[in-house]
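# Notes for the structure review
Given next are the chains, with one letter for each unit.
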Amino acid sequence: MSSNPVAESVAALLPRAKAELAELVAFKSVADFAQFPKSESEGAANWVADALRAEGFTDVAVLDTPDGTQSVYGYLPGPEGAKTVLLYAHYDVQPPLDEAAWTTPPFELTERDGRWYGRGAADCKGGVIMHLLALRALKANGGVPVNVKVIAEGSEEMGTGGLERYAEQHPELLTADAIVIGDTGNFRVGLPTVTTTLRGMAMVRIQIDTLRGNLHSGQFGGAAPDALAALIRVLDSLRAEDGSTTVDGFAPESRWEGLEYDEEQFRADAKVLDGVGLIGDGSVADRIWSRPAVTVLGIDCPPVVGATPSVQAGARALVSLRVPPGVDAAEAGKLLQAHLEAHTPWGARVRTEVVGQGQPFRADTTSPAYLAMADAMAVAYPDETMQYAGQGGSIPLCNTLAGLYPQAEILLIGLSEPEAQIHAVNESVSPEELERLSVAEALFLRNYAAG
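Per an unreviewed UniProt entry, the chain carries the name Dipeptidase and comes from Streptomyces sp. 900105755.

Take the packing of helix α2 (residues 38-54) against helix α3 (residues 125-139) next. It is the contact of α2 with α3, at a shortest axis distance of 11 Å, that shows an interaxial angle of 5 degrees. When the interaxial angle is binned, α2 and α3 end up roughly parallel. Here W47, V48, A51 and L52 of α2 come into contact with α3, specifically with V128, I129 and L132. Class assignment for the residues of the contact of α2 with α3 results in seven nonpolar, no polar and no charged.

Our focus in this paragraph is the layout of surface pockets. Of the volumes computed, that of the second largest pocket is approximately 210 Å³. Contributions of two or more residues to the lining of the second largest pocket are made by β8 (193-198) and α8 (284-290). Residues of the lining of the second largest pocket, tallied by class, amount to four nonpolar, six polar and three charged.

With that settled, the discussion passes to the sheet that holds strand β15 (residues 361-362). Each strand in a sheet pairs with another by means of backbone hydrogen bonds, the pair being arranged parallel or else antiparallel. The three strands are arranged β15-β8-β16 in an open sheet whose pairing can be described as mixed. The open sheet has two edge strands with one neighbour each: β15 and β16 (387-391). Bridge analysis of β8 against β16 gives five bridges, and the strand direction is parallel. Following the sheet pairing, T195 is matched in β16 by A389.

The next subject is the UniProt feature "domain: Peptidase M20 dimerisation" (unreviewed entry) in the chain. Here, the residues flagged by UniProt with the feature "domain: Peptidase M20 dimerisation" (unreviewed entry) are residues 198-347. The distance from the first to the last C-alpha atom of residues 198-347 is 38 Å, and the span holds 29% helix and 22% strand.

With respect to the helices and strands, Y388 occurs in strand β16. The class for Y388 is partly exposed, based on a relative accessible area of 32%. With residues near it in sequence (within four places) discarded, Y388 still touches V194, T196, W256, L259, T365 and Y370.

Before going further, it helps to spend a moment on unusual backbone geometry. Note the cis peptide between D123 and C124, where omega equals 5 degrees. Mapped onto the secondary structure, C124 falls in the loop between β5 (115-117) and α3. Positive phi values are uncommon outside glycine, yet D59 reaches one of about 55 degrees. Tracing the backbone shows D59 in strand β1 (residues 58-64). The class for D59 is exposed, based on a relative accessible area of 55%. Of note, the phi angle at D113 is positive, near 55 degrees, even though the residue is not glycine. Looking at the secondary structure, you find D113 in the loop between β4 (110-112) and β5. By relative accessible area, D113 is classed as exposed at 73%.

The rules behind the values
- Residues numbered from 1 in each chain as written.
- Predicted model: local features only at pLDDT ≥ 70, side-chain atom pairs only at ≥ 80, totals over all residues.
- Heavy atoms only, no water.
- Axes fitted to C-alpha atoms, helices over the stretch in contact; angles between N-to-C directions.
- Helix = DSSP H or I, 4+ residues; strand = E, 2+ residues; numbered from the N terminus.
- Parallel < 35°, antiparallel > 145°, perpendicular 65-115°, else oblique.
- Contact = heavy atoms within 4.5 Å.
- Nonpolar A, V, L, I, M, F, W, Y, C, P; charged D, E, K, R; others polar.
- 1 Å grid on protein atoms, 1.4 Å probe; cavity = no way out; pocket = protein on both sides within 12 Å on 5 of 7 lines; lining within 4 Å.
- Points joined across faces, edges and corners; volume = space filled by probe spheres on them.
- Pairing = 2+ DSSP bridges.
- UniProt positions renumbered as here; feature names shortened; annotations may be inferred.
- Buried < 20%, exposed > 50% of the residue type's maximum accessible area, 1.4 Å probe, protein only.

Next comes the structure, spelled out in structure tokens:
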């Protein structure tokens, strides 16, 4: 990185940032209170609130949102007449999955091979720290030239919509001229990237019942309808032979226009086993950024260990459908429900329920904010040009903010590049990316104020 006072300040602040990220990662802030204590999420929320107060934020509040979780808000006034920028991140995290599979404990930030490991290190507690670093660097170099609002969400990973509904009920709270969503990532380490599209999501739970109770498979198997077998047939109907998603009435064939994703690089990033083919057709970018994708997230059925020779009376699954930009997630969810019900065999009883939903998003890349970010990225990454990429994941708040504040310019950056392995075991963050993106965000705020 070229010599720059802001960059020098960020570099000097990095050890403090590591210590703070370790404190934040230590909270087991999974917003599924059937699995993790609510006090862990409340502790993380209070940590963020205290950090904002320490930086001079006024009107800091821990907001109780309609889904039973908390989001943290703070306002830092800038010069009179200055523009207002909203900085977003979330402090809730995915469950650690199999803790025994982690090389080091998931809720202890651990440095290894030049990266910092821990659940939420990149997604998205690192985003909270990135915002703090950027603001501290500006304060050390003449001050923050814009009004800053920060919102740290407490249930983004669960998709339960608490902050979206709260924002709709209090539309004045998050109004801003520009919004920086710190929850995406560079296409690869060292390549500055803004995310311009997000797929939405519809999550559906399906329950299939065929019998009043389980039966002996030797005595009744072959004639008694097996609910688990029926469920397997239904789930199989969601894919074509090549693995493409097939939901009746829903077949957008969009093409991605922009940065391409080399197939071999994708295989390496996704850690696809040798000899195993990719699924779907079209380019990799088409498949992961512009087209629907169905995933079976979980199935309730007997585990192999301890299984008995029984015909199953009931079975259920949780199915996620990623929805490309230009498609309404609510309509996609209805189509998924209708497909599951129509493909249930043998007259089995079937119930479906939409349990999560988020709309897709497409940004306006011609706005002045994008020019300000490109100039900032050029300093933070002097040997690279800022790229535009899509992201297959969902950030439901984006569309809520775009609807509430149609004049606001929305940019998406973050720390979740492929090596971060977000949502998987051994999630990590690159400290170099944290440093460079913090510099970029600080310089963006300065550029945007002057524009």
